[in-house]
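Topology and contacts: notes
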Amino acid sequence: RSFLDSMAFCKVKGINPCDELINASRMTDYKSVFLLELVPMENNNPLRKEDRAASEKVHNLLHDLYKDIGYDIIVVPFMPLHERAEFVKNKIKEL
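Cut-off values and rules
- Residues numbered from 1 in each chain as written.
- Predicted model: local features only at pLDDT ≥ 70, side-chain atom pairs only at ≥ 80, totals over all residues.
- Heavy atoms only, no water.
- Helix = DSSP H or I, 4+ residues; strand = E, 2+ residues; numbered from the N terminus.
- Buried < 20%, exposed > 50% of the residue type's maximum accessible area, 1.4 Å probe, protein only.
- Axes fitted to C-alpha atoms, helices over the stretch in contact; angles between N-to-C directions.
- Parallel < 35°, antiparallel > 145°, perpendicular 65-115°, else oblique.
- Left-handed = near helix turned anticlockwise from the far one by under 90°.
- Contact = heavy atoms within 4.5 Å.
- Nonpolar A, V, L, I, M, F, W, Y, C, P; charged D, E, K, R; others polar.
- Core = buried A, V, L, I, M, F, W, Y, C linked by side-chain atoms within 4.5 Å.
- Phe/Tyr/Trp six-rings, centres within 6.5 Å; stacked < 30°, edge-to-face > 60°.

As for the environment of E83
- One can find E83 in helix α4 (residues 81-94).
- We classify E83 as partly exposed; its relative accessible area is 37%.
- Remark: the alpha-carbon pair of E83 and S25, spanning 58 residues in sequence, is separated by 30 Å.

Below you can see the structure in the form of structure tokens.
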């Protein structure tokens, strides 16, 4: 997670991020970021704070924020956990 995640949640909730959060997000220096595709979910899961539409909105905002800052976005497709882990390990080796 990064400061940009907090900024995305602020935008979804209609909150203007504070200056400290904006400044902190500009100080990150990642070459690449991993953005995991959303997992299928039921809208009636009591453990989730957001429904599918809100999750997609945050996901899309994260993508746009990462892109606007200039990060290389590596999208991790939805697949079983062990395959996702292998995918990420292999991408890290390529960096």
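Having seen the model, we can carry on.
Regarding the packing of helix α1 (residues 3-13) against helix α3 (residues 52-69)
- The geometry of α1 relative to α3 is characterised by a closest axis approach of 9 Å and an angle of 130° between their N-to-C directions. Considering their axes alone, α1 and α3 lie oblique with respect to each other. The crossing of α1 and α3 is right-handed. Where α1 approaches α3, its residues L4, D5, M7, A8, F9, K11 and V12 are matched on the opposing element by K57, V58, L61, L62, L65, Y66 and I69.
- By residue class, the composition of the contact of α1 with α3 is 11 nonpolar, no polar and 3 charged.

What to know about the nonpolar core
- Counting residues in hydrophobic clusters, the biggest one holds 14 residues, and the most contacted among them are L4, A8, L62 and Y66.
- For this core, the leading source of residues is α3, giving 5 residues.

What about the environment of L35?
- With respect to the element layout, L35 can be found in strand β1 (residues 32-36).
- With relative accessibility at 6%, the residue L35 sits in the buried group.
- For the pair L35 and P77, spaced 42 residues apart in sequence, the C-alpha separation works out to 8.8 Å.
- Not counting chain neighbours up to four residues away, the residues in contact with L35 comprise H59, L62, H63, Y66, I73, I74, V75 and V76.

Things to note about the side chain of H59
- The topology assignment puts H59 in helix α3.
- Overall, the relative accessible area of 18% leaves H59 in the buried class.
- Residues in contact with H59, not counting those within four places in the same chain, are L35, L36, E37 and L38.

Brief notes about the packing of aromatic side chains
- Within the structure shown, the criterion is met by 1 aromatic pair.
- Consider the rings of Y66 and Y71, whose centres lie 6.1 Å apart with planes at 55°: the pair is tilted.
- Classification of Y66 as buried rests on a relative accessible area of 7%.
- The class for Y71 is buried, based on a relative accessible area of 9%.

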